[in-house]
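# Understanding the architecture of this molecule
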Amino acid sequence: PEQLQVGDTYYATDTKKKYTYDENESPLPIGGGGGNPRLNLPSQIFASQGVELNVYFDSIVFPSDKGLNSPANYKVEAICSIGKSDEKRFYINPILSDVGVYTLTFNVYSLSGELLESKRVNLNVLGVKDLKSGLNALFLGDSLTLLGDFPQNFRENEPVNTPVFWGTKGTSPNNHEGNSGWSTTTFISESSPLTNNGVLDIANYRSVLGLTSKFDFVSFMLGVNDCFTNELSDTEINQIINNYKLILDGFIIDSPDAKIFVQLPTIDSNTSDGWAFNYGADSSKIEYQKNIWNLREKMITNFDLEAYGENVFLSCAGITVDRYYGYSFTTQTVSNRITTQIERHSNAVHPSNEGFSQLGDGMFSMILSKIDQQEYGNEVFLDTDFSEPASMANGWTTGDDGVSIDTVSQELKFVETLGSNMRAYATNGVDFNVLEYNKNYQLRYTISEQETLPPDSFLRAYYNGSVNTITSGLGSHVLEFSTASSGSRIFQFIFLSNTEGRTLSISNASLREIL
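All of these numbers come straight from a predicted model, not from anything done at the bench. (Residues numbered from 1 in each chain as written. Predicted model: local features only at pLDDT ≥ 70, side-chain atom pairs only at ≥ 80, totals over all residues. Heavy atoms only, no water.)

Looking only at helix α4 (residues 202–209), the buried set comprises Ile-202, Tyr-205, Arg-206 and Leu-209. The arc that holds every buried residue of α4, seen down its axis, measures 100°, which confines them to one face. Exposed positions of α4 whose direction lies more than 90 degrees from the buried face are Ser-207 and Val-208. Turning to α4, the residues buried within the fold contact β10 (136–141), β11 (164–166), β13 (174–178), β15 (199–200) and α6 (234–254). A side-chain oxygen of the first residue of α4 lies 3.4 Å from the backbone nitrogen of Ala-203; this N-cap is Asp-201. Residue Gly-210 follows α4 closely and has a positive phi angle near 85°. (Buried < 20%, exposed > 50% of the residue type's maximum accessible area, 1.4 Å probe, protein only. Helix = DSSP H or I, 4+ residues; strand = E, 2+ residues; numbered from the N terminus. Arc of directions from axis to C-beta. Contact = heavy atoms within 4.5 Å. Polar contact = N/O pair within 3.5 Å; in protein donor to acceptor, adjacent residues only side chain to side chain.)

Of note, Gly-399 is situated in the loop between β22 (396–398) and β23 (403–405). Put simply, Gly-399 and Arg-423 are 24 residues apart on the chain and 5.2 Å apart in space, counted from C-alpha to C-alpha. Excluding anything up to four places from it in sequence, Gly-399 contacts Arg-423, Ala-424 and Tyr-425.

On the basis of which strands lie adjacent, the open sheet formed by three strands has the order β4-β7-β6 and antiparallel pairing. Looking at the sheet topology across the chains shown, the edges are occupied by β4 (53–56) and β6 (84–85). Sheet topology note: the β6/strand β7 (residues 89–92) ladder contains two bridges and is antiparallel. Following the sheet pairing, Ser-85 is matched in β7 by Phe-90. (Pairing = 2+ DSSP bridges.)

Further remarks concern the side chain of Asp-142. Inspection of the secondary structure assignment puts Asp-142 in the loop between β10 and α1 (143–148). We note that Asp-142 is buried and unpaired, the nearest opposite charge coming from Arg-296 at a distance of 12 Å. Of the polar contacts made by the side chain of Asp-142, one reaches the backbone nitrogen of Leu-144; its length is 3.0 Å. (Lys, Arg positive; Asp, Glu negative; His and termini not counted. Salt bridge = Lys/Arg side-chain N within 4 Å of Asp/Glu carboxyl O.)

Another point: the side chain of Lys-259. Secondary-structure assignment places Lys-259 in strand β17 (residues 259–263). Despite its burial, Lys-259 pairs with no opposite charge, the nearest such side chain being Asp-372 at 4.4 Å. Residues contacting Lys-259, with those up to four places away along its chain left out, are Asp-216, Phe-217, Val-218, Asn-311, Phe-313, Lys-370, Ile-371 and Asp-372.

Before going further, it helps to spend a moment on the pairing of strand β9 (residues 115–126). With respect to burial, β9 is a largely interior element, nine of its twelve residues being buried. As paired strands, strand β3 (residues 44–48) and β9 are joined by five bridges and run parallel to one another. Its bridge partner being in β9, Ile-45 is matched across the sheet by Leu-123. In terms of strand pairing, strand β8 (residues 100–109) meets β9 through ten bridges, oriented antiparallel. From the neighbouring strand, Tyr-102 faces β9, where its bridge partner is Leu-123.

Take a look at the structure:
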């Protein structure tokens, strides 16, 4: 590898901190270690309300692995006005008040406390968003995509308007294009489903899938298998980048409005045990890590900050997995003669189920920030943040005894009475006819308090002149419906029961038109 030269002066990225190599020092490879941590992360990082973001320090500086003590050669800290920075990571599980854009700075120090490198990035925190319904999505990649079940992770993070996931692999509705052992080279070869007679043809790929419309977003994570070899030359790393661009071009030509997410690849577990378990002594962890790091740096150069096009985004997913606890373990004896049982990593490059969930969360927030959101009209009733003390009272009229509006919490409360049929009407402040004909509506509501309801108790919604049973379990719920072209325009919550004494409370209720 390239060496520092005697008398030459070098500058760490961003800090402009100067280093002069002295002839009395031992040669330091450019590949990392010592005074060159090679901070490696995109300029934009995204988090979203209710989805934890983790940025692991041993994933953003050149690996100096020592298990829980990684990175062994450096001390790293994160500085930001929100979130937390501990020994291993920066992390935040955002709440509504965190929404905004923040400066997040990562400082890397030597073990003696000398600042070696620093990088500032934008931390973009999103609130809860509603995706446009019916989006067409594709997760494409190698065994990480095959095993990671990223469509299901996305579904868990966005359960309402989940996209339609496509691909020749997986099981509906969680289809994908994850192929074990595949590299960027495989995806542009004749064996790839993306090619037709040896030429990239995404229109043909969609036809094979039965997808007549265009893709709305594509996420792909590749590079692990490209790098799983002896140390690659700069020319070879450039060829991987060119392969990325060929795949990108294929999707851009076919679906020019699609948002395309290039996921920064993961590294590996931060001990050598997984390598020993999977590969014996046949493969070099160190050379693989060098390849991954060199590839990542070129990915940042080529794809960060929409450098390859306004709809191509570099995502931080690969730095969001715990490289110790996010990989599988097995229990083994220390050796044949020493029978003490210890835990060791049992996989080098594939995370555990929990690690895969972290990886999917790392993908989710940036995707959420860029893809199309559902548009809504003004809320027909209720102020969802309840900033006005009387907002709930202004949105509801209690039609019967046994239903009331709590003056403190602004919750709608039903208290069961024998043979109760209690109603609360939505009102727009003028009359009860709040719904319009031939419209699509979305009702959101939260059951905030509920004593165990007997089998003969039901929460129902009245619209289009009929009563419909709706979910009454604790938690937040969504109901979408369409109105008829004539008839009643009244909306009601109705609570039916033949028992008495139990309470059901509804909060955060809003009704709005889907545009």
